[in-house]
Amino acid sequence: MRYYAGIDIGSTAIKIVVLDEEERIAARHAAPTGSHFHRNTHDALQLLLARSGLRRGDIVYLTTTGYGRKLFTEADESVSEITANAAGAGAGRAAGAVRTIINIGGQDSKVILLDGGGHVGNFAMNDKCAAGTGRFLEMTARNLGLDVEELGGLHRNAATPLTINSTCTVFAESEIISLLAHGHGRDEIIAGVHYSIARRIVRLAKRIGIEDAVFFDGGPALNAGMVAALEDELMRTVIVPELPQFTTAQGAALLARSACIGRGDQVSV
Ligand code: ADP
């Protein structure tokens with residue numbers, strides 16, 4: 001059996017997906033990116049191999065994507081995260097239906113419009129301001145003494161989300177501390193942060209247009225409160241894949257498989 005790997009080296013997390021010849025996920029792994037991109041990606045891959053029982057030689061093509069994609073020199077190829085995300089969104093049960101992808105990452109967010117054939121038509125990106133990214137969620141969790149995984153559940157308890165007025169995470173941090181000091185509830189603050197991020201990403205999306213079906217991925221799509229706020233602001237439902245943090249890595253692995261087939265390698269199933 002031959003395997004194809006996609007590695008999404010994001011600003012916050014390294015995500016690895018290994019596909020078999022039938023495009024099934026054979027192994028996956030996520031690890032913090034840290035500051036040593038090459039070493040941490042190498043270590044994450046070694047860990048995935050050790051846990052899955054695969055050998056490095058079983059992986060016949062390895063494609064990187066994401067913020068640090070050029071820094072991992074063991075790769076056969078690197079592709080942009082827009083291309084990889086589009087390929088990944090076209091892979092699951094929503095294949096063919098997705099026209100808009102909303103991706104919120106650790107330090108950026110983007111909206112990708114696909115044409116009817118699943119190709120990238122247009123995209124818009126925010127990589128300048130942390131207020132519309134996972135960084136804002138991490139800062140909120142830290143200030144409230146929580147893990148980021150807990151935010152979604154607490155959002156559900158909020159009677160009325162508070163409005164977070166600050167347009168910058170530095171000021172938003174002071175605003176959250178001040179809201180707490182004035183006796184406002186933690187759950188209402190969390191919901192307010194989710195709505196604040198959702199409004200930003202919807203503004204970004206409106207610049208290029210929003211078409212159904214809308215697909216939401218990236219780590220923050222694991223947060224049910226973030227999903228609910230985005231659906232409210234979009235006034236439509238979104239498709240969240242089973243493994244939203246891995247979509248882009250999966251897309252890179254699919255592109256690795258296509259590259260192999262494109263160069264004439266035979267698939268041995
Ligand atoms: P990047 O590709 O830019 O590194 P990711 O798509 O991996 O970003 O998303 C990272 C963000 O996802 C973190 O900043 C955090 O806010 C959020 N996140 C990660 N895991 C979870 C989780 N289990 N529940 C909720 N949010 C999460």
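Since the model is a prediction, treat every value here as computed from it, not as a measurement.

**Student:** Go over the nonpolar core with me, naming the residues and quoting the values.
**Tutor:** Counting 39 residues, the largest nonpolar core has I102, F136, I201, F216, L230 and L234 as the members making the most contacts within it. For this core, the secondary-structure elements that each account for two or more residues are β6 (100–104), β7 (109–114), α3 (134–143), α4 (151–155), α5 (169–181), α6 (186–208), β9 (214–217) and α7 (224–234). With 11 residues, α6 is the largest single contributor of residues to this core. The residues touching I102, leaving out its near neighbours within four places in the chain, are K110, V111, I201, V214, F215, F216, D217, L230 and L234. Membership of the second largest hydrophobic core comes to 18 residues, among which are Y3, I9, A31 and L45.

**Student:** Quick rundown of the domain arrangement of the protein? Include the residues and the values.
**Tutor:** The domain architecture assigned to the protein consists of domain 1 (1–78 + 246–269) and domain 2 (97–236). Each of domain 1 and domain 2 has a C-alpha centre, and these two points are 28 Å apart. In this assembly, four residues from domain 1 lie in contact with six residues from domain 2. Here domain 1 and domain 2 share an interface that buries about 360 Å² over both sides, 41% of which is from carbon and sulfur atoms.

**Student:** Please provide a residue-by-residue account of the site of the ligand, values included.
**Tutor:** The full set close to the ligand counts 18 residues, and T12, A13, K15, E138 and Q245 are the nearest of them. Within the side chain of K15, an N or O atom sits 2.7 Å from an oxygen atom of the ligand. Separating an oxygen atom of the ligand from a backbone N or O atom of G219 is a distance of 2.9 Å. Here the ligand has 580 Å² of accessible area as a free molecule, and 88% of this is covered by the chains. Structurally, the ligand is housed in the largest pocket. The biggest single contributor to the shell around the ligand is α3, with three residues. For the shell around the ligand, a count of residues per class yields six nonpolar, nine polar and three charged. Taken together, domain 1 (1–78 + 246–269) and domain 2 (97–236) each give at least three residues to the shell around the ligand, which thus spans both.

**Student:** Any details on the side chain of N40? Residues and values, ideally.
**Tutor:** Inspection of the secondary structure puts N40 in helix α1 (residues 37–52). The residues touching N40, leaving out its near neighbours within four places in the chain, are I14, P32, T33, G34 and S35.

**Student:** I'd love a proper account of the pattern of salt bridges, names of residues and values included.
**Tutor:** Following the criterion strictly, the structure yields 13 salt bridges and no others. Where R2 meets E21, a salt bridge forms, and the shortest distance between an N and an O atom there is 3.8 Å. With R2 in the segment before β1 (3–9) and E21 in the loop between β2 (13–19) and β3 (25–32), the pair connects residues that are 19 residues apart, well separated along the chain. Classification of E21 by relative accessible area gives buried; the value is 2%. Linking D8 and K15 is a salt bridge whose minimum nitrogen-to-oxygen distance equals 3.7 Å.

**Student:** So what's going on with the sheet that holds strand β5 (residues 77–78)? Which residues, and what values?
**Tutor:** Spatial ordering of the open sheet is given by β3-β2-β1-β4-β5, a layout of five strands whose pairing is mixed. Strands at the two margins of the open sheet, each flanked by one partner only, are β3 and β5. The pairing of strand β4 (residues 59–65) with β5 spans two bridges and is classified as parallel. Residue pairing in the sheet places T64 in a bridge with S78 of β5. Helix-sheet contacts for α1 involve β1, β2, β3 and β4, and the interaxial angle to β3 is about 140°. Across the sheet, helix α8 (residues 247–262) is in contact with β1, β2, β3, β4 and β5; its angle to β1 comes to roughly 140°.

**Student:** Break down the sheet that holds β6 for me, citing the residues and quoting the values.
**Tutor:** Ordered by their spatial adjacency, five strands build an open sheet running β8-β7-β6-β9-β10, and the pairing between neighbours is mixed. Across the chains shown, the open sheet's two edge strands, defined by having one partner strand only, are β8 (120–126) and β10 (238–239). Two elements, β6 and β9, share four bridges in a ladder whose sense is parallel. Across the sheet, the residue bridging to I101 is F215, located in β9.

**Student:** If you had to explain the packing of α3 against α5 to someone new, which residues and values would you point to?
**Tutor:** Running from amino to carboxyl end, α3 crosses α5 at an angle of 30°, the nearest separation of the two axes being 10 Å. The angle between α3 and α5 falls in the class roughly parallel. In this structure, α3 crosses over α5, and the sense of that crossing is right-handed. Contacts between α3 and α5 involve F136, M139, T140, R142 and N143 on the former and, on the latter, T169, A172, E173, I176, I177 and L180. Looking at the contact of α3 with α5 residue by residue, the class counts come to six nonpolar, three polar and two charged.

Scoring rules and cut-offs
Once a new chain begins, its residue numbering starts again from 1 and follows that chain's sequence as written. Confidence filtering applies because this is a predicted model: local features only for residues at pLDDT of at least 70, side-chain atom pairs given and counted only at 80 or more, and all residues used for totals across whole chains, interfaces and linings. Side-chain numbers here rest on the full set of heavy atoms in the structure, without hydrogens or water. Buried Ala, Val, Leu, Ile, Met, Phe, Trp, Tyr and Cys residues form a nonpolar core when they are joined through side-chain atoms within 4.5 Å. Accessibility here uses a 1.4 Å probe with only protein chains present; expressed as a share of the type maximum, an area under 20% marks a residue as buried, one over 50% as exposed, and anything in between as partly exposed. Secondary structure counts use DSSP, requiring at least four H or I residues in a row for a helix and at least two E residues in a row for a strand, with both numbered from the N terminus. Whether two residues are in contact is decided by their heavy atoms: any pair within 4.5 Å suffices. Domain delimitation in this document rests on an assignment produced automatically or drawn from a domain database. Buried area: the accessible surface (1.4 Å probe) lost by two parts on joining, summed over both. Summary of the distance rule: residues count as near a molecule or strand when at least one heavy atom falls within 4 Å of that molecule or strand. Pairs of N or O atoms within 3.5 Å make up the polar contacts considered here, provided that, within protein, one atom can donate a hydrogen while the other can accept it, and that residues adjacent in sequence are counted only when both atoms are side-chain atoms. Only the protein chains shown count as covering a residue, and every accessible area follows the Shrake-Rupley method with a 1.4 Å probe. Here the term cavity refers to a set of points on a 1 Å grid, laid over the protein atoms alone, in which a 1.4 Å probe fits but cannot get out; the term pocket refers to an open set having protein on both sides within 12 Å along at least five of seven lines, with lining residues being those that place an atom within 4 Å of a point. Put plainly, a molecule is in a cavity or pocket when over half of its atoms are within 2 Å of the grid points there. Basically, the charged four are Asp, Glu, Lys and Arg, the nonpolar ten are Ala, Val, Leu, Ile, Met, Phe, Trp, Tyr, Cys and Pro, and anything else, Gly included, counts as polar. By convention in these notes, a salt bridge is any Lys or Arg side-chain nitrogen within 4 Å of a carboxyl oxygen on Asp or Glu. A pair of strands is labelled paired if DSSP reports no fewer than 2 bridges between them. To get an axis, a line is fitted to the C-alpha atoms, and for a helix only the part in contact is used. The angle between two axes follows their N-to-C directions and goes from 0 to 180 degrees. By definition in this entry, angles of less than 35 degrees are roughly parallel, angles greater than 145 are roughly antiparallel, angles of 65 to 115 are roughly perpendicular, and the rest are oblique. Throughout, a crossing is termed right-handed when the near helix is turned clockwise from the far one, and left-handed when it is turned anticlockwise from it by less than a right angle.

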